[in-house]
Amino acid sequence: MQEINQTAFAQRRQLLDSVDMKLESSRDALKKIQTDAKVSRADARAEFKTALDAVKARETELGSAAKAARNANEAGWETNRSALAKAHQAHLDALARLDSVVRPPKI
């Protein structure tokens, strides 16, 4: 999030390319998590579905924020950059939550 918040308008293209690559990587990770979840307990599947829905919603929000940032002019960059950073962090948090549902910590 800090990296996003510190990116100048002139470097936005590189930042957005990086966000796109991270989003693609998270989609790959999501596929693996979904495969792992297929063997989970029945009671964990409901929790998984809720967490998966949250990831998909945050991914949509991140895509919208990236599009807005990509189309922002210099005057609107700070606002869009901030929204992008928040959407990126929310997406990462949702992915971490989903991963913890599939692979709970060992005690």
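Residues numbered from 1 in each chain as written. Predicted model: local features only at pLDDT ≥ 70, side-chain atom pairs only at ≥ 80, totals over all residues. Heavy atoms only, no water.

A. Structural detail: the overall build of the protein chain. Along the protein chain, the regular secondary structure elements total four helices and zero strands. Overall, the protein chain shows an N-to-C arrangement of helices and strands of α-α-α-α. Per-residue burial for the protein chain yields a buried fraction of 36% across its 107 residues. Of the contacts formed within the protein chain by residues at least 6 apart in sequence, a portion of 75% connects residues at least 24 apart. Counting every atom, the protein chain has about 6,900 Å² of accessible surface; 54% of that belongs to carbon and sulfur. (Helix = DSSP H or I, 4+ residues; strand = E, 2+ residues; numbered from the N terminus. Buried < 20%, exposed > 50% of the residue type's maximum accessible area, 1.4 Å probe, protein only. Contact = heavy atoms within 4.5 Å. Areas by Shrake-Rupley, 256 points an atom, 1.4 Å probe, with all protein chains shown as cover.)

B. Summary view of the pattern of salt bridges. On inspection of all chains with the given rule, the structure shows seven salt bridges. A salt bridge links Arg97 to Glu47, with the shortest nitrogen-to-oxygen separation between them at 2.7 Å. Residue Arg97 is located in helix H4 (residues 77-102), and its partner Glu47 is located in helix H3 (residues 42-71); the two are separated by 50 residues in the primary sequence. Among the residues examined, Arg97 registers a relative accessible area of 42% and is labelled partly exposed. The partner of Asp53 in a salt bridge is Lys49, and the shortest N-O contact between them spans 2.9 Å. (Salt bridge = Lys/Arg side-chain N within 4 Å of Asp/Glu carboxyl O.)

C. A look at the confidence of the model for the protein chain. Per-residue confidence for the protein chain gives a mean pLDDT of 87; residues scoring 70 or more make up 91%. Averaged over each element, pLDDT in the protein chain is lowest for helix H1 (residues 2-5) (80) and highest for H4 (92). (pLDDT = per-residue confidence, 0-100.)

D. Molecular detail of the nonpolar core. Within the largest apolar cluster, 15 residues are counted, with the highest numbers of intra-cluster contacts made by Ile4, Leu15, Val19, Leu62, Trp77 and Leu84. Breaking this core down by element, the ones donating at least two residues are helix H2 (12-37), H3 and H4. Residues within four places of Leu15 in sequence aside, it is in contact with Glu3, Ile4, Thr7, Trp77 and Leu84. (Core = buried A, V, L, I, M, F, W, Y, C linked by side-chain atoms within 4.5 Å.)

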